[in-house]
Amino acid sequence: MKELTDHELYQALEYARSIDEDTGRSMMEQFEMDQPALVQTLFGVFPNIIAEHNQEMSYFFMDLCFDVFCVFQKAFGPLPPQHEIDINWLEKQAVLLDTELQALIKGRDMDEKISAKLKDRLVHRMQENKPQSGLVKFMNDSIDDFASENTARVPAIQMAQAMIFVVIRLFDNLYEHPEK
């Protein structure tokens, strides 16, 4: 997928931040109709994982997910509806992410060696596949800035940054999907 230039990223972020509440609500309703599983993951599953570390960071994460959605929509057009995407491809994406994310969730019964391997694999994939690195950097900086406002948020930084990377990667993968 084409990496956004600094100018394109800036324009897309400006667009995301300029959306009024009514337009944002309308966009989210359409997004939920087109991609119900993705919306549930981004605004249900992922924030709950982050909330285990800090509730405020989970709310902020949802705002960032909306920004990512808007950036991709502005830069690359609308997402394909869920029913147009090969279900096997979707399942493979979910299984791959789920396995790695299980290692990050607190309180999961998992062998330490397996957990460490999965964490290492996720970190390796993050370093190897840097989708939209400018957007990832901007989002990570936003998370750092938000956490710096209240030390109670600091324990959630790593999880929020890992999850926002996953969100950007999911969008990247959806826009690259051959069915689109």
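Located above this text is the structure these notes cover.
Quick look at the structure, then. Just so it is clear, the model here is predicted, and its values are computed rather than measured. (Residues numbered from 1 in each chain as written. Predicted model: local features only at pLDDT ≥ 70, side-chain atom pairs only at ≥ 80, totals over all residues. Heavy atoms only, no water.)

## Here we look at the packing of helix α1 (residues 6-18) against helix α4 (residues 55-76)
Moving on, step 1. Look at α1 against α4: their axes get within 8 Å of each other, and the N-to-C directions meet at 125 degrees. Here α1 is positioned oblique relative to α4, judged by the angle of their axes. The two elements α1 and α4 meet at a crossing, and its hand is right-handed. Side by side, α1 and α4 meet where L9, A12, L13, Y15, A16 and R17 of the first sit next to L64, F66, D67, C70, V71 and K74 of the second.
Moving on, step 2. Partitioned by chemical class, the residues of the contact of α1 with α4 number 9 nonpolar, no polar and 3 charged. (Axes fitted to C-alpha atoms, helices over the stretch in contact; angles between N-to-C directions. Helix = DSSP H or I, 4+ residues; strand = E, 2+ residues; numbered from the N terminus. Parallel < 35°, antiparallel > 145°, perpendicular 65-115°, else oblique. Left-handed = near helix turned anticlockwise from the far one by under 90°. Contact = heavy atoms within 4.5 Å. Nonpolar A, V, L, I, M, F, W, Y, C, P; charged D, E, K, R; others polar.)

## Brief notes about the nonpolar core
Moving on, step 1. Counting residues in each nonpolar core, the largest one holds 48 residues, and the members touching the most others are F31, M57, V68, L135, I164, V167 and F171.
Moving on, step 2. Among the elements of the structure, α1, α2 (21-34), α3 (36-51), α4, α7 (133-148) and α8 (157-176) are those that each provide at least two residues to this core.
Moving on, step 3. Broken down by element, the residue count for this core peaks at 13 residues, all from α8.
Moving on, step 4. If we skip the residues at most four places from it in the chain, M57 touches I50, I143, F146, A147, R153, A156, I157 and A160. (Core = buried A, V, L, I, M, F, W, Y, C linked by side-chain atoms within 4.5 Å. Buried < 20%, exposed > 50% of the residue type's maximum accessible area, 1.4 Å probe, protein only.)

## Thoughts on α1
Moving on, step 1. In this model α1 runs 18 Å from its N-terminal to its C-terminal C-alpha over 13 residues, within 8% of the 18 Å that 1.5 Å per residue would give.
Moving on, step 2. Turning to α1, its buried residues are L9, A12, L13 and A16. Looking down the long axis of α1, one finds its buried residues gathered within 100 degrees of arc, a one-sided arrangement. Opposite the buried face of α1, at more than 90 degrees from it, the exposed residues are H7, Y10 and S18.
Moving on, step 3. The secondary structure elements touched by the buried residues of α1 are α4 and α7. (Expected span 1.5 Å × (residues − 1). Arc of directions from axis to C-beta.)

## A word on the pattern of salt bridges
Moving on, step 1. Tallying each qualifying case throughout the model produces 7 salt bridges.
Moving on, step 2. Here R17 ties to D67 by a salt bridge, and the two come within 2.8 Å at their closest N and O atoms. With R17 in helix α1 and D67 in helix α4, this residue pair connects regions lying 50 residues apart in the sequence.
Moving on, step 3. For D67, a relative accessible area of 7% gives the class buried.
Moving on, step 4. Measuring nitrogen to oxygen at the nearest pair gives 3.3 Å for the salt bridge that ties R153 to E149. (Salt bridge = Lys/Arg side-chain N within 4 Å of Asp/Glu carboxyl O.)

## So, the environment of D20
Moving on, step 1. The topology assignment puts D20 in the loop between α1 and α2.
Moving on, step 2. A polar atom in the side chain of D20 sits 2.8 Å from the backbone nitrogen of T23. (Polar contact = N/O pair within 3.5 Å; in protein donor to acceptor, adjacent residues only side chain to side chain.)

## Considering the side chain of Q161
Moving on, step 1. Position of Q161 relative to the elements: it lies in helix α8.
Moving on, step 2. Judged by relative accessible area, Q161 falls into the buried class, the value being 17%.
Moving on, step 3. Side-chain polar atoms of Q161 contact the backbone oxygen of N140, separated by 3.1 Å.
Moving on, step 4. Here D144 takes part through its side chain, which lies 3.0 Å from a polar atom of the side chain of Q161.
Moving on, step 5. When near neighbours in sequence (up to four residues on either side) are disregarded, Q161 contacts N140, I143 and D144.

## Regarding the packing of α2 against α3
Moving on, step 1. At a minimum axis distance of 5 Å, the contact between α2 and α3 shows a crossing angle of 120 degrees. In terms of axis orientation, α2 runs oblique to α3. Together, M28, F31, E32, M33 and D34 of α2 and P36, L38, V39, L42 and F43 of α3 make up the contact between the two elements.
Moving on, step 2. The residue inventory of the contact of α2 with α3, partitioned by class, reads 8 nonpolar, no polar and 2 charged.

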